[in-house]
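Reading the structure
Below, each chain spelled out in residue letters.
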There are 2 protein chains.
Amino acid sequence: MRKDDSTTEDRAGAGVRSVQLALDVLEAIAFSGDELGVTQLAEKLDVTKGSVHRHLHTLVERGYLVQNPATTRYAIGPKSRLLARFAPDADLIQVAEAPMRELRDRLGHTVVLSALTPRGALVLATLASTSPIEIGVRPGSELPFHASAQGKVLLAFAPRPVQERILARPMEKFTERTIVTRDHLEAELVRITRQGFASAPEEVLLGINVMAAPIFDERDGCIGALAIVGSIQYLPETPDADTVAALKDYAKQISRRFGHGRGPGGASTTVPPRAARRSAAG
Amino acid sequence: MRKDDSTTEDRAGAGVRSVQLALDVLEAIAFSGDELGVTQLAEKLDVTKGSVHRHLHTLVERGYLVQNPATTRYAIGPKSRLLARFAPDADLIQVAEAPMRELRDRLGHTVVLSALTPRGALVLATLASTSPIEIGVRPGSELPFHASAQGKVLLAFAPRPVQERILARPMEKFTERTIVTRDHLEAELVRITRQGFASAPEEVLLGINVMAAPIFDERDGCIGALAIVGSIQYLPETPDADTVAALKDYAKQISRRFGHGRGPGGASTTVPPRAARRSAAG
DNA sequence: GAACCGTGTTCCGCAATCGGGAACAAGCGA
DNA sequence: TCGCTTGTTCCCGATTGCGGAACACGGTTC
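The following refers to the structure shown. (Residues numbered from 1 in each chain as written. Chains lettered and ligands numbered in written order. Predicted model: local features only at pLDDT ≥ 70, side-chain atom pairs only at ≥ 80, totals over all residues. Heavy atoms only, no water.)

The subject of this paragraph is the protein's contact with DNA strand C. Residues in close proximity to DNA strand C total 18 residues, the closest being Arg54(A), Arg17(B), Gly37(B), Thr39(B) and Tyr74(B). Looking at DNA strand C alone, sugar and phosphate atoms form 76% of those within 4 Å of the protein. Between DNA strand C and Thr48(A), the relevant distance is 2.9 Å, taken from a phosphate oxygen to a side-chain nitrogen or oxygen of the residue. One of the side-chain N or O atoms of His53(B) is found 2.8 Å from a phosphate oxygen in DNA strand C. Those elements that provide at least two residues to the surface near DNA strand C are helix H1 (17–32) and helix H3 (49–61) of chain A together with helix H1 (17–32), helix H2 (38–45) and helix H3 (49–61) of chain B. By residue class, the composition of the surface near DNA strand C is four nonpolar, eleven polar and three charged. (Near = heavy atom within 4 Å. Polar contact = N/O pair within 3.5 Å; in protein donor to acceptor, adjacent residues only side chain to side chain. Helix = DSSP H or I, 4+ residues; strand = E, 2+ residues; numbered from the N terminus. Nonpolar A, V, L, I, M, F, W, Y, C, P; charged D, E, K, R; others polar.)

As structure tokens, this is what we get:
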């Protein structure tokens, strides 16, 4: 469906092709939250069964996947789980969990946590709204920079060279209100930097609005974005002051746990910036 | 150094070569617990810088790694962290953490948690002994089946086809006491199955002994091994009955949390076997 | 300031490698 | 038993990634 329609900018190729496919396979299984078979994967990724099978074999051999002998289908293996344990800095997902829940309970909207990736704003975790009707995004998906509040926030507070590279890319139009020109996006970034949050009314889907605020670490680097998602009726384009305040407040709260705003070498409640963790206790 | 010296059984090759290298790069960085540079990686993995660089680029592009602009070196990225969240069954590492700590405090030995991989017993987590002198293993490393208590336990309780495939492999000799013949190993597996635990005195390193007991899920599948490591003076070859009892007891305790021994559909304190987890709450 | 390392990055041609496609085996239900 | 679907294997040929070397750049040391 959404196959990489070779844009102008990837002259350097997209990297190592086989690795790309291997990661596609891995992610397809991981983010489906279920086991998948060779045939399913083959048609989902639009490659031959033989190719998928070879990659599956490699990933199983390495312990990243496991073939369920009963169903003959493939699932995430132990090695994949292990990778996360070695993240150089404290786990954003874990730290943000409690504040996210509080924010959700307070505002009622779906809450989303994202991080920067060259491809967009990676959805790390979501917390469904209190409403019976769910409006959300799938963890693992990558939201486009130009058409999401998270993407715009992460971009606005990213280092200059990163901005440059991304701004040069063509922008796909999703709705009438999607930003499609570089100038427009740059102006938006300036505004976001000034006001400390972003909103993206109907930029990717009509009727839906998203608002996002940045999360910083102890060196003022933007390491993520906290966002709320909702129907535009409840999350209007010109946002309610209380809502904005709450969002920014919780984002700041998470930032503080990473040592932001107190200089390097934080207090006791702070997550150690670069803790050496070598055991399960980590 | 240890490049695949084409054994008899891998006629199908070792899988997709580029993917192998990509994973090597990823793991080298992950399990080093630190940032690594192109040159370091190139010599560690014994490939050219150009090659490493291309793979690094791909992994960064996909969000699995991040290049630190300050040091220009590479570290684990957000996507790697995310993968772990999508493990199909409850996180063994997390569930085992508390029992591991109790066992460590009770016996004083280093405690290790492992899972099965085609290459060996993957070390998921360790908890250092109470002694000032540390005897342990690096999380992420894969212990050989024939020369580790964990490997032997996992193999003993693995499905028959898996056993077959592994038993056919040649066995490297580490010490005088390493098991190197198939017959010897098979006899050992029978004994392990009967007595419910394994020990591996001086099989990989002189002076060191390891004892391991299996962890089961609700369907009696062996999903891991709990082990204690120590100098052979304190963890003798003919083990103390109390020590064995404690090890088996804690392993069973973890198994119980996965619903083992009460049939499918466990009680409230049980980890749900296949919980649908789609949010940070998972 | 210049020569010197040590990085990370880029380039290019050759050959191995992976992908396409189709045939094969194996389970399952009708 | 026959069909349908699945996972697995095979082989050929062009693509693609590898090796090797050159390049750019920053920090040190004379």
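Back to the write-up after that little detour.
Before going further, it helps to spend a moment on the environment of Ser18(B). With respect to the helices and strands, the residue Ser18(B) is situated in helix H1. Exposure remark for Ser18(B): the relative accessible area of 22% places this residue in the partly exposed category. Excluding residues that lie within four positions of it along the chain, Ser18(B) makes contacts with Val16(A), Ser18(A), Val19(A) and His55(B). Among the polar contacts made by the side chain of Ser18(B), one reaches the side chain of Ser18(A) at a distance of 3.3 Å. (Buried < 20%, exposed > 50% of the residue type's maximum accessible area, 1.4 Å probe, protein only. Contact = heavy atoms within 4.5 Å.)

What follows concerns the side chain of Glu202(A). Mapped onto the elements, Glu202(A) comes out in the loop between strand E6 (198–199) and strand E7 (208–216). Excluding its chain neighbours within four sequence positions, the residues that come into contact with Glu202(A) are Thr175(A), Arg177(A), Gly207(A), Ile208(A) and Ile232(A).

Glancing now at the protein's contact with DNA strand D. Inspection of the region around DNA strand D gives 17 residues, with Arg17(A), Gly37(A), Thr39(A), Tyr74(A) and Arg54(B) positioned closest. Across the atoms of DNA strand D situated within 4 Å of the protein, the share located in sugar and phosphate is 74%. Ser51(B) is positioned such that a nitrogen or oxygen atom in its side chain is 3.4 Å from a phosphate oxygen of DNA strand D. Side-chain polar atom of His55(B) to a phosphate oxygen of DNA strand D: 3.2 Å apart, as the coordinates give it. Where the surface near DNA strand D is concerned, the elements lending two or more residues are H1, helix H2 (38–45) and H3 of chain A together with H3 of chain B. Here the surface near DNA strand D is built from residues that sort into three nonpolar, eleven polar and three charged.

Residues and elements named next belong to chain A. A sheet is described by the order of its strands in space; here six strands give the open sequence E5-E4-E3-E8-E7-E6, paired in antiparallel fashion. Each end of this open sheet is capped by a strand with a single partner; those strands are strand E5 (142–143) and E6. As judged from the two bridges shared by strand E4 (residues 120–127) and E5, these two strands associate in the antiparallel manner. Within E5, the position partnered with Ala 121 by the bridge is Leu 143. Relative to strand E3 (residues 110–117), helix H5 (residues 92–107) is tilted by about 145 degrees, and along the sheet it contacts E3, E4, E7 and strand E8 (222–231). Contacts from helix H6 (residues 149–156) reach E3, E4, E5, E6, E7 and E8 within the one sheet, and its direction differs from that of E7 by about 30 degrees. (Pairing = 2+ DSSP bridges. Axes fitted to C-alpha atoms, helices over the stretch in contact; angles between N-to-C directions.)

Quick look at the pattern of salt bridges now. As enumerated under the stated definition, the model contains 34 salt bridges over all chains in all. A salt bridge links Arg182(A) to Glu164(A), with the nearest nitrogen and oxygen atoms 3.2 Å apart. Pair noted here: Arg182(A) is in helix H8 (residues 182–195) and Glu164(A) is in helix H7 (residues 160–167), with a separation of 18 residues, a long-range link. Notably, a salt bridge pairs Arg177(A) with Glu202(A), separated by 3.3 Å at the nearest N-O pair. Of this pair, Arg177(A) sits in the loop between H7 and H8 while Glu202(A) sits in the loop between E6 and E7, and the two are 25 residues apart along the sequence. Each of Asp24(A), Glu27(A), Arg119(A), Glu142(A), Arg62(B) and Lys79(B) takes part in salt bridges that share partners, so that together they form one network. (Salt bridge = Lys/Arg side-chain N within 4 Å of Asp/Glu carboxyl O.)

Another point: the relation of the copies chain B and chain A. If you rotate chain B by 180 degrees and push it 0.0 Å along the axis, it lands on chain A with an RMSD of 0.1 Å. Here the transformation between the copies is reduced to the relation of a two-fold axis. Interface residue correspondence from chain B to chain A reaches 98%, placing this contact among same-surface, isologous pairings. (Least-squares fit on C-alpha atoms with pLDDT ≥ 70 in both.)

The antiparallel open sheet is built from six strands, whose spatial order is E5-E4-E3-E8-E7-E6 (chain B). Both edges of this open sheet fall to strand E5 (142–143) and strand E6 (198–199) of chain B, since each of them pairs with a single strand only.

Another aspect to go through is the pairing of E8(A). Residue and element names in this part refer to chain A. Summarising burial for E8: nine of the ten residues are buried, a large majority. Taken together, the five bridges between E3 and E8 define a ladder with antiparallel strand orientation. Looking across to E8, one finds that Ser 114 is bridged to Ala 225. The pairing of E7 with E8 spans nine bridges and is antiparallel. Bridge assignment links Ile 208 to a residue of E8, and that residue is Ser 231. Counting the residues in the hairpin turn of E7 and E8 gives five residues, including Asp 220, whose phi is positive at 65 degrees.

Right, let's talk about the side chain of Ser80(B) for a bit. The topology assignment puts Ser80(B) in helix H4 (residues 78–83). Apart from the residues lying within four places of it in its own chain, the contact partners of Ser80(B) are Leu83(A), Ala84(A), Leu26(B), Gly63(B) and Tyr64(B).

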